[in-house]
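Notes for the structure review
The chain contents come next:
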Amino acid sequence: MTETDSRPRVVLGVGGGIAAYKACEVLRRLTESGHDVRVVPTEAALRFVGAATFEALSGNPVHTEVFADVPEVPHVRIGQHADLVLVVPATADLLAKAAHGLADDLLTNTLLTARCPVLMAPAMHTEMWEHPATRANVATLRERGVVVTEPASGRLTGVDTGKGRLADPAELVDLARLLLVRPDALPRDMAGLRVVVSAGGTREPLDPVRYLGNRSSGKQGYALARTAVQRGAQVTLVSAHTVSLAEPAGAELVRAGTAEELREAVHKAAEGADVVVMAAAVADFRPVSRAAHKIKKTGRDPDPVALTRNPDVLAELVAARAAGQVIVGFAAETGDSTGDVLEHARAKLRRKGCDLLVVNAVGEGKAFEMEDNAGWLLSADGSERAIALGSKSRMASDIWDAVVAFIEA
Ligand code: CTP
């Protein structure tokens, strides 16, 4: 970590839990994406992963206590100079120390001196996560602006399963990078809201091995689900086909294959929901019939595939919605001889009747399968604003800002 180094400076705190090994994956992803990472483990963390591993992966020295390199005053400097402090895993003990301002090692000192965003990713057994002491500590930290991620549910150490698994390293890195570009991106302003997000592309089968699909990666919908969870919402993610993506920890994940399955899942989840966001690329058409067996080559020309319309889920949601439910649609537009991207989008907003429309310009090298996205946000009240090019999580944050403003208006 030198003063002339322009890379974002991340302090990676590592707590003493078995998930400490996953901190190595977080570290590798951060360094590979151009971050200068200083690892500050607790003494207990080094019983799970050796200092040499953290030093080799980060290229920086690793200490646990405040009496190493004393002339450099590391217990103050490391926190002061950080652009982000990320704690992976945050044990129940570390959360308690952070909530109460204890400072008995280098990491807890760093947490007290840091003035940058702090992201803590808990991992512990379900009983510890649910204990009133931990609940109170998490609430205190969140009130102070610390982003404490929701743990995932699943296999824990030993034979146990339940809530308490560390969120996926890819997800944690994504959230960390979001906070580096927008430190205020994850306020707890969606607490109490029930949110449904659809994501990915539907697949309409022709036979048991073939389908009509589209190029949607699902990344934007997953980013919406992930950021809504961290803003405090209760989230159901209805996911059609996606590229390989980390499941957003803390969201309920419902899988759907075809447009019909997605339609059913979204309608079910939308009952009583405050916000529904249709980010999925739903096939407008499906084959009229689905062959029970694989369609074989024959000597003659193949029959053309007859298609029929799928229902428009977004339009159905608008028609069926309860008072106060906010509905957000997506539009992927290219512009043509009859109008540009925005003209088409304005017409789509009127046609679909939703409250907000997120507009992406698509085409060669834009939006689909890309890491970054740009576009516009059109509101039924006539307001329009551009969304600058940024990560899909950043765009998700802008969308939630608009949704929260729409609800409060
Ligand atoms: N959508 C939907 N059900 C469909 C098709 C689309 O709910 N059968 C939703 C998408 O999730 C998205 C929005 O409608 O939120 C816009 O989809 P798009 O395909 O871009 O618009 P279309 O209405 O199909 O218009 P066009 O094909 O003319 O661009």
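Relevant structure appears above.
**Let's talk about the pattern of salt bridges**
Applying the stated criterion across every chain, the model contains 25 salt bridges. Between Asp 36 and Arg 7 there is a salt bridge whose closest N-O contact spans 3.5 Å. With a gap of 29 residues between them, Asp 36 in strand S2 (residues 36-41) and Arg 7 in the segment before strand S1 (9-14) connect regions that are remote in the sequence. With relative accessibility at 37%, the residue Arg 7 sits in the partly exposed group. A salt bridge links Asp 174 to Arg 226, with the shortest nitrogen-to-oxygen separation between them at 3.4 Å. Of the two residues, Asp 174 is situated in helix H8 (residues 169-181) and Arg 226 in helix H9 (residues 219-230); the sequence distance between them amounts to 52 residues.

**As for the side chain of Lys 22**
Locating Lys 22 in the fold gives a position in helix H1 (residues 20-32). Here Lys 22 occupies a buried position and makes no salt bridge, while the nearest side chain of opposite charge, Asp 168, is found at 7.4 Å. Look past the residues within four positions of Lys 22 in its chain and what remains in contact with it is Arg 165, Leu 166 and Pro 169.

**Regarding the packing of H8 against H9**
Between H8 and H9, the shortest axis-to-axis distance is 11 Å and the interhelical angle comes to 75 degrees. Classified by the angle between their axes, H8 and H9 sit roughly perpendicular to one another. On the side of H8, the interface is formed by Glu 171, Asp 174, Leu 175 and Leu 178, while H9 contributes Arg 226, Thr 227 and Gln 230. Here the residues of the contact of H8 with H9 are counted per class, giving two nonpolar, two polar and three charged.

**Here we look at the sheet that holds strand S5 (residues 147-148)**
In space, the five strands of this open sheet follow the order S2-S1-S3-S4-S5, with parallel pairing throughout. Each end of this open sheet is capped by a strand with a single partner; those strands are S2 and S5. Bridge count between S1 and strand S3 (residues 84-90): four bridges; the pairing is parallel. Within S3, the residue paired with Val 11 across the bridge is Val 85.

**Some points on the sheet that holds strand S18 (residues 372-379)**
Strand order in the open sheet made by the eight strands is S12-S11-S8-S13-S16-S17-S18-S19, with mixed pairing throughout. Edge strands, defined here as strands with exactly one partner in the open sheet, are strand S12 (252-255) and strand S19 (384-391). Between one strand and the next, the sheet's axes are offset by a mean angle of 20 degrees, whatever the strand orientation. Where helix H13 (residues 392-408) meets the sheet, it contacts strand S8 (194-199), strand S13 (275-278), strand S16 (326-333), strand S17 (356-361), S18 and S19, and its direction lies at approximately 150 degrees from that of S19.

Calculation rules
Residues numbered from 1 in each chain as written. Predicted model: local features only at pLDDT ≥ 70, side-chain atom pairs only at ≥ 80, totals over all residues. Heavy atoms only, no water. Salt bridge = Lys/Arg side-chain N within 4 Å of Asp/Glu carboxyl O. Helix = DSSP H or I, 4+ residues; strand = E, 2+ residues; numbered from the N terminus. Buried < 20%, exposed > 50% of the residue type's maximum accessible area, 1.4 Å probe, protein only. Lys, Arg positive; Asp, Glu negative; His and termini not counted. Contact = heavy atoms within 4.5 Å. Axes fitted to C-alpha atoms, helices over the stretch in contact; angles between N-to-C directions. Parallel < 35°, antiparallel > 145°, perpendicular 65-115°, else oblique. Nonpolar A, V, L, I, M, F, W, Y, C, P; charged D, E, K, R; others polar. Pairing = 2+ DSSP bridges.

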